[in-house]
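Here are the chains, one letter per residue:
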Amino acid sequence: SGYLFKFSLLGPLNNDDINSDSYVVYPNPTLNYLKINDDSDFFTFYEIYTLGGQLMCQGKLEDQIIDTGDLVQGNYILKLFTNGKNSKLIKFVKQ
């Protein structure tokens, strides 16, 4: 619910673009969901990309939980957006 599956190319991501502060998102690796450790509701929207830059899904961040159950196993980039459209990139593993 709340998912819009859309495929587009972001462009290749390199390690310089990825914030390694994975403490914000847990569990990592994940099976069915990601929880955002953000009590202030700072992040309002998300996008999930493959490491090659392909957009896999996006949606409004509700209850600070993202359902990852439909993703296949692999490595992904979670892009979290604030109301001000600033973003944070976090690498995660889907098991």
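Let me sum up the structure you'll find in this document. From a predicted model like this one, the values you see are computed outputs, not experimental measurements. (Residues numbered from 1 in each chain as written. Predicted model: local features only at pLDDT ≥ 70, side-chain atom pairs only at ≥ 80, totals over all residues. Heavy atoms only, no water.)

This next bit is on the packing of aromatic side chains. What the rule picks out here adds up to three aromatic pairs. Aromatic pair Phe45 and Phe81: ring centres 5.9 Å apart, planes at 55°, arrangement tilted. With Phe45 in strand 3 (residues 43-50) and Phe81 in strand 6 (residues 74-82), this pair connects stretches of sequence that are 36 residues apart. For the pair Tyr76 and Phe92, a centre-to-centre distance of 5.6 Å together with 25° between the ring planes defines the contact as stacked. Here Tyr76 is found in strand 6, whereas its partner Phe92 is found in strand 7 (residues 87-94), with 16 residues between them in sequence. Looking at Tyr76, the relative accessible area reads 3%, which means it is buried. (Phe/Tyr/Trp six-rings, centres within 6.5 Å; stacked < 30°, edge-to-face > 60°. Helix = DSSP H or I, 4+ residues; strand = E, 2+ residues; numbered from the N terminus. Buried < 20%, exposed > 50% of the residue type's maximum accessible area, 1.4 Å probe, protein only.)

Moving on, we come to the sheet that holds strand 7. One key point about sheets: their strands pair by backbone hydrogen bonds, in either a parallel or an antiparallel sense. Here we have four strands laid out as an open sheet, ordered 4-3-6-7, and antiparallel in their pairing. The two strands at the open ends of the sheet, each matched to only one other strand, are strand 4 (55-60) and strand 7. Neighbour to neighbour, the strand axes of the sheet diverge by 20° on average, direction disregarded. As paired strands, strand 3 and strand 4 are joined by five bridges and run antiparallel to one another. Bridge pairing links Glu47 to Gln58 in strand 4. (Pairing = 2+ DSSP bridges. Axes fitted to C-alpha atoms, helices over the stretch in contact; angles between N-to-C directions.)

Moving on, we come to the pairing of strand 2 (residues 33-36). What you see with strand 2 is a clean split: Leu34 and Ile36 sit on the buried side and Tyr33 and Lys35 on the side with no burial. With two bridges connecting them, strand 1 (residues 25-26) and strand 2 associate as antiparallel partners. Counterpart to Val25 in the pairing with strand 2 is Ile36. When strand 2 meets strand 5 (residues 65-67), the two strands line up antiparallel, connected through three bridges. Of the residues in strand 5, the one forming a bridge with Lys35 is Ile65.

To continue, consider the side chain of Thr82. Following the sequence through the fold, Thr82 ends up in strand 6. Once residues lying within four places of it in the same chain are set aside, the contact partners of Thr82 are Phe42, Phe43 and Thr44. (Contact = heavy atoms within 4.5 Å.)

Here we take up the sheet that holds strand 5. One open sheet holds the three strands; their spatial order is 1-2-5, and the pairing between them is antiparallel. Strands with a single pairing partner mark the edges of an open sheet, and in this sheet they are strand 1 and strand 5.

The next thing to look at is the nonpolar core. Across soluble globular proteins, nonpolar side chains show a tendency to be buried alongside one another. One finds Val25, Ile36, Tyr46, Ile48, Ile66, Leu78 and Leu80 to be the most contacted residues of the largest nonpolar core, which totals 17 residues. Those elements that provide at least two residues to this core are strand 2, strand 3, strand 4, strand 6 and strand 7. When neighbours within four sequence positions are excluded, Val25 is seen to be in contact with Leu34, Lys35, Ile36, Leu78, Leu80 and Ile90. (Core = buried A, V, L, I, M, F, W, Y, C linked by side-chain atoms within 4.5 Å.)

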